[in-house]
Amino acid sequence: PQQPGTPLSNQEYRQFFRSLVVAQRASTACLLRALYGCQNPLVQRLDEYENHGVIPKGPICSELPGNPFFPDFCTFSFYRCTMKRYFIKV
């Protein structure tokens, strides 16, 4: 174990910042969505990447107890961005 007050090791820093980097990437994607909308080609590529190459059509069901249903993926994504709940699964 490291001494109290000493800096983290390189491996410990990677672990510590891993979740922060992921949240920052999600936040950046949300900013692009807010600026350009769901029809923007870059936003659509991000949506396709998130969904294994296909943007889901039609209603979206989620794991949210209060909001289990969204009319489309765009609405679902805006909700996640607004609420900063980036990793809610469909």
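Below is a summary of the structure that appears in this document. On a predicted model such as this, the values are computed, not experimentally measured, just so you know. Once a new chain begins, its residue numbering starts again from 1 and follows that chain's sequence as written. pLDDT decides what is reported in this predicted model: residues at 70 or higher carry local features, side-chain atom pairs at 80 or more are listed and counted, and totals for whole chains, interfaces and linings draw on all residues regardless. Side-chain metrics in this entry use all non-hydrogen atoms of the structure; hydrogen atoms and water are not considered.

**What about helix α2 (residues 41-50)?**
For clarity, the cut-off: Any pair of N or O atoms that falls within 3.5 Å is considered a polar contact. Within protein, one atom must be able to donate a hydrogen and the other to accept it, and sequence-neighbouring residues count only if both atoms are side-chain atoms. Only DSSP runs of H or I reaching four residues or more are called helices, and only runs of E reaching two or more are called strands; each is numbered from the N terminus.
Where α2 starts, the residue carrying a side-chain oxygen 2.8 Å from the main-chain nitrogen of Leu42 turns out to be Asn40. Among the residues trailing α2, His52 stands out with phi positive, at a value near 55 degrees.

**Observations regarding the state of the cysteines**
Here is the rule: The disulfide definition used here is simple: a pair of cysteine sulfur atoms within 2.5 Å.
For the structure on display, the rule yields two disulfides. The disulfide that involves Cys30 links it to Cys81, with 2.0 Å between the sulfurs. Between Cys30 and Cys81, the S-S dihedral sits near -80 degrees, and the bridge is therefore left-handed. One end of the pair, Cys30, is in helix α1 (residues 10-36); the other, Cys81, is in helix α3 (residues 73-83), and 51 residues separate them in sequence. Ordinal numbering of bonded cysteines along the protein chain defines a disulfide pattern of 1-4, 2-3. Cys74 provides the cysteine sulfur closest to Cys61, a residue in no disulfide bond, and the two sulfurs are 17 Å apart.

**Details of the side chain of Arg80**
This is how it is decided: Note on definitions: a residue-residue contact is assigned when non-hydrogen atoms from the two residues lie within 4.5 Å.
The topology assignment puts Arg80 in helix α3. The contact partners of Arg80, leaving out residues within four places of it in the chain, are Glu50, Phe73, Arg85, Tyr86 and Ile88.

**Examining the pattern of salt bridges**
Note the threshold: When a carboxyl oxygen of Asp or Glu lies within 4 Å of a side-chain nitrogen of Lys or Arg, that pair is called a salt bridge. Using a 1.4 Å probe on the protein chains alone, a residue whose accessible area is under 20% of its type maximum counts as buried, one over 50% counts as exposed, and one in between counts as partly exposed.
Tallying each qualifying case throughout the model produces two salt bridges. Residues Arg33 and Asp47 are paired through a salt bridge, measuring 2.3 Å at the closest nitrogen-oxygen approach. Remark: Asp47 occurs in helix α2 and Arg33 occurs in helix α1; sequence separation between them is 14 residues. A residue is classified by how much of its surface remains accessible, and Arg33, at 5% relative accessible area, is buried. Its relative accessible area of 3% is what places Asp47 among the buried residues.

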